[in-house]
Amino acid sequence: MESVNLRMGRISYINASPVYYGLDHGMTPPWLTLVTDVPASLNRQIIDKQVDISPISAAHYAMNHSSLLLLPDLSISCHGPVMSVLCAARAPLDDLAGKTVMLTKESATAASFLKMIFSQRGVAPEYVTGDVGNIDQIPSGVDAVLVIGDAALTQPWEQRFGYCFDLGEIWHDMTGLPFVFAVWAVRKEVAAAHPDTVTRALKLLWASRQSGYAHLEAVIEAGRIKLGLPESLIRKYYNCLFCDMDAPKIDAMTRFFDILYREKILTSRVAVRFFQPV
């Protein structure tokens, strides 16, 4: 069996905690190094060849599909509200034409999705990009802000802005479909050179996720401690999330990519291709 070391990204938010539970509790082998960071940084690292396998924004996969393969049966998805991908605004979405919308730097998918929503509504805001992790540091002239991850769960966005729109809910209302925010990908050159090791890493992720859902109470408790939120809220959040990639999610993701292409947010059509385990 081939012997090669792999570097695997790990999302720093609690949304991926079920997938990494086993790896965090004794399943990580010596040949696998975990690199924990926010999605935007992992997006860059997989393209810059700093990590070999990683969860990344689904839209980042679409932008770089020629050099990446998706790992099968892994995602961070929702089927309705997601709670951690929000657009907080001072007015309804249709009233934000010409207004300043601050996009998070942390997720290509959420930013592309919000641009798509405005485009389909015929609304043209002014986009700026910034650090939206701290509600108290949002400039006063910003009319709406896209916030994701743990910050969306822990800070009073609706109280500050007046309106709060859940992007997972918007997509479900539009299409009736699930929405895929993040995927796991491997660099094509790594998959070609080390298919056995990538297969082992994939099976480890599947086993780690299985352990996570078998120990969901521990996952919920860890999330409660990390974010300082009520257990009931953390439980509700995990009930919104799915970490698989079944046929409906693949279809929904493909439809999202097609819409991004039609709206000229993507410059080319996306061929969704998966790594084939050996």
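Here's what I pulled together on the structure shown here.

Reading the values: the criteria
Residues numbered from 1 in each chain as written. Predicted model: local features only at pLDDT ≥ 70, side-chain atom pairs only at ≥ 80, totals over all residues. Heavy atoms only, no water. Pairing = 2+ DSSP bridges. Helix = DSSP H or I, 4+ residues; strand = E, 2+ residues; numbered from the N terminus. Axes fitted to C-alpha atoms, helices over the stretch in contact; angles between N-to-C directions. Contact = heavy atoms within 4.5 Å. Phe/Tyr/Trp six-rings, centres within 6.5 Å; stacked < 30°, edge-to-face > 60°. Buried < 20%, exposed > 50% of the residue type's maximum accessible area, 1.4 Å probe, protein only. Parallel < 35°, antiparallel > 145°, perpendicular 65-115°, else oblique. Left-handed = near helix turned anticlockwise from the far one by under 90°. Core = buried A, V, L, I, M, F, W, Y, C linked by side-chain atoms within 4.5 Å.

### Structural notes on the sheet that holds strand β8 (residues 144-148)
Logical step 1: One open sheet holds the five strands; their spatial order is β7-β6-β8-β5-β9, and the pairing between them is mixed. Bordering the open sheet on either side are β7 (126-130) and β9 (163-166), each of which pairs with just one other strand. When strand polarity is set aside, the average angle formed by the axes of neighbouring strands in this sheet is 25°.
Logical step 2: Pairing of strand β6 (residues 100-104) with β7 involves five bridges; the strand directions are parallel. What sits directly across from Val101, in β7, is Tyr127.
Logical step 3: Sheet strands touched by helix α4 (residues 108-120): β5 (85-89), β6, β7 and β8. Its angle to β6, the strand with the most contacts, is close to 150°.

### Points about the packing of aromatic side chains
Logical step 1: Applying the stated rule across the entire model yields 14 aromatic pairs.
Logical step 2: Seen from their ring centres, Tyr61 and Phe257 are 6.3 Å apart, and the 40° between their planes marks the pair as tilted. Within this pair, whereas Tyr61 is found in helix α3 (residues 58-63), its partner Phe257 is found in helix α12 (residues 247-262), the two being separated by 196 residues in sequence.
Logical step 3: Tyr61 sits in the buried class, given a relative accessible area of 0%.

### Comments concerning the packing of α4 against α12
Logical step 1: In the contact formed by α4 and α12, the axes pass within 10 Å of each other and the chain directions differ by 60°. By the angle between their directions, the pair α4 and α12 is classed as oblique. Pair α4 / α12 crosses with left-handed handedness. Counted together, Thr109, Ser112, Phe113, Met116 and Gln120 of α4 and Phe256, Ile259 and Leu260 of α12 form the full contact between these two elements.

### With respect to the nonpolar core
Logical step 1: Counting 89 residues, the largest nonpolar core has Leu71, Phe113, Val183, Val186, Leu205 and Phe257 as the members making the most contacts within it.
Logical step 2: It is strand β10 (residues 179-187) that provides the largest number of residues to this core, a total of eight residues.
Logical step 3: What Leu71 contacts, discounting residues up to four positions off in sequence, is Ile53, Trp184, Ala185, Val186, Val198, Leu202, Leu205, Phe274 and Phe275.
Logical step 4: Counting 13 residues, the second-largest nonpolar core is a separate cluster that includes Val132, Ile138, Ala151 and Phe161.

### Some remarks on the pairing of β10
Logical step 1: Within β10, nine of the nine residues are buried, leaving the element largely enclosed by the surrounding structure.
Logical step 2: Pairing of strand β3 (residues 53-57) with β10, which is carried by five bridges, proceeds in the antiparallel orientation. Residue pairing across strands places Ser54 opposite Ala185, the latter belonging to β10.
Logical step 3: Where strand β4 (residues 68-78) and β10 come together, seven bridges link them in antiparallel fashion. Bridge pairing links Cys78 to Phe179 in β10.

### Structural notes on the environment of Val51
Logical step 1: Counting through the fold element by element, Val51 comes out in the loop between α2 (39-47) and β3.
Logical step 2: C-alpha of Val51 to C-alpha of Val128: the two residues are 77 residues apart in sequence and 29 Å apart in space.
Logical step 3: Beyond its immediate chain neighbours, meaning those up to four positions away, Val51 contacts Arg7, Gly9, Val35, Gln45, Ile46 and Arg187.

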